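So you can see what is in the structure, the chains are spelled out below.
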Amino acid sequence: MKTAVVTDTASYLTPEQIKKYNITVLPITVILGNKQYKETEELTDQEFFDYLRNEKELPTTSQVSMGQIQEAYDRLVDEGYDTIISIHLSLGITSFMDNLRMFVKSYDKAKVYPFDSMAASGAEADLVMMAGLLAQQGVEPDEIIKKLEDLRASTHILFAVDDLKHLSRTGRLSNHSAIIGSLLNVKPLLTFKDGKIYAIAKERTMHRAYRMIASEIKKYTEEHPDRNLHITIVDSNNREMLDKWSNDFQEDFPKARVSKSHLGPAISVHTGEKTMGVVWDKDFINEN
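Residues numbered from 1 in each chain as written. Predicted model: local features only at pLDDT ≥ 70, side-chain atom pairs only at ≥ 80, totals over all residues. Heavy atoms only, no water.

- The protein chain goes by DegV family protein in an unreviewed UniProt entry, where it is assigned to Companilactobacillus pabuli.
- Among the UniProt annotations of the protein chain, the heading Function (unreviewed entry) holds the following wording: "May bind long-chain fatty acids, such as palmitate, and may play a role in lipid transport or fatty acid metabolism." (UniProt positions renumbered as here; feature names shortened; annotations may be inferred.)

Here you go:
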């Protein structure tokens, strides 16, 4: 049995990670005005953020098509894979997973395991990389799925946005009492719950948002003293803050493995620019 791992560009894996874990990545389409671009392939982050700042017509996205999926799956079958684990953006913010589950019912060239990350970005990436690592080690697909479910259950996400207008506009904010975002100079703090995005708090500055997130991670370590910790810092065109938070988290949690990631156009359409996020979970690379 030969197992392949497929994901979408919302995982924001680096080229090095894609190669190391042997991942097939399908691009989400980003729409700027009347032009469509395949994320990471045809649109740079700089071009996207320039558009976001300067154009009146706000960008939108289009999910991976079933045509793209079939083409990728067929290619993997031709390469000798008979099992595919397909890990994608949360069903709570896109209907893609429902469409994929319907598609695989009639796809008979390989056994496909659709898996809802119930998240995006760094959290999705951890699931994908772990699946790729286990597939390379020859672990049975059913066992990989169990381990994915376990890692997903260990994952926590908090992120701070400059304001809620993008999430509100695109309908991705589940609790629409946007009073949290109606105050001036407030950084709304959000999380994923059951795969959906909820606003849970507000902080006056990114520094205070950092302190709240660090406090939550400290509680997590106290509740799970037996786990090795992995922290991923994620930014949306906020590299200076990314470096600062990464250094600060490494100092505050010296035993943790700290990684960096970025939000590209497909997710930044919804979060806006200057978002900062943190994902923490058990470390799949350094498991006890």
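1. Some points on the packing of helix 3 (residues 66-78) against helix 4 (residues 96-105)
At step 1: Axis separation between helix 3 and helix 4 bottoms out at 11 Å; the angle between their running directions is 50 degrees. Comparing the axis directions of helix 3 and helix 4 gives the class oblique. Seen from above, helix 3 lies across helix 4 with right-handed handedness. Together, Met66, Ile69, Gln70 and Tyr73 of helix 3 and Phe96, Asn99, Leu100, Phe103 and Val104 of helix 4 make up the contact between the two elements. (Axes fitted to C-alpha atoms, helices over the stretch in contact; angles between N-to-C directions. Helix = DSSP H or I, 4+ residues; strand = E, 2+ residues; numbered from the N terminus. Parallel < 35°, antiparallel > 145°, perpendicular 65-115°, else oblique. Left-handed = near helix turned anticlockwise from the far one by under 90°. Contact = heavy atoms within 4.5 Å.)

2. Some words on the sheet that holds strand 6 (residues 83-88)
At step 1: Read across the sheet, four strands follow the order 2-1-6-7 without closing on themselves; strand pairing throughout is parallel. Each edge of the open sheet is held by one strand with a lone partner, namely strand 2 (23-26) and strand 7 (111-116). On average, each strand axis in the sheet is tilted by 25 degrees relative to the strand beside it, whichever way the strands run.
At step 2: Two strands pair when backbone bridges link them, and strand 1 (residues 3-8) and strand 6 are joined in this way by four bridges, in the parallel orientation. Along strand 6, the bridge assignment pairs Val5 with Ile85.
At step 3: Those strands touched by helix 3 are strand 1, strand 2, strand 6 and strand 7, and its axis lies near 160 degrees from that of strand 2.
At step 4: Packing against the sheet, helix 4 makes contact with strand 6 and strand 7, and its axis sits at approximately 165 degrees to strand 7. (Pairing = 2+ DSSP bridges.)

3. Focus: the domain arrangement of the protein chain
At step 1: As assigned here, the protein chain comprises domain 1 (1-27 + 62-151) and domain 2 (154-280).
At step 2: One C-alpha centre belongs to domain 1, the other to domain 2; they are set 25 Å apart.
At step 3: A buried area of about 1300 Å², summed over both sides, lies between domain 1 and domain 2, and 58% of it is on carbon and sulfur atoms.
At step 4: Run the count over domain 1 and domain 2 and you get seven residue pairs in polar contact (both at pLDDT 80 or more).
At step 5: Counting residues per element, the ones that place at least two in the side of domain 1 that touches domain 2 are helix 5 (121-136) and helix 6 (141-153).
At step 6: The element that contributes the greatest number of residues to the side of domain 1 that touches domain 2 is helix 5, accounting for four residues.
At step 7: Of the residues assigned to the side of domain 1 that touches domain 2, the class counts are nine nonpolar, four polar and two charged. (Domains from an automatic or database assignment. Buried area = accessible area lost by both parts, 1.4 Å probe. Polar contact = N/O pair within 3.5 Å; in protein donor to acceptor, adjacent residues only side chain to side chain. Nonpolar A, V, L, I, M, F, W, Y, C, P; charged D, E, K, R; others polar.)

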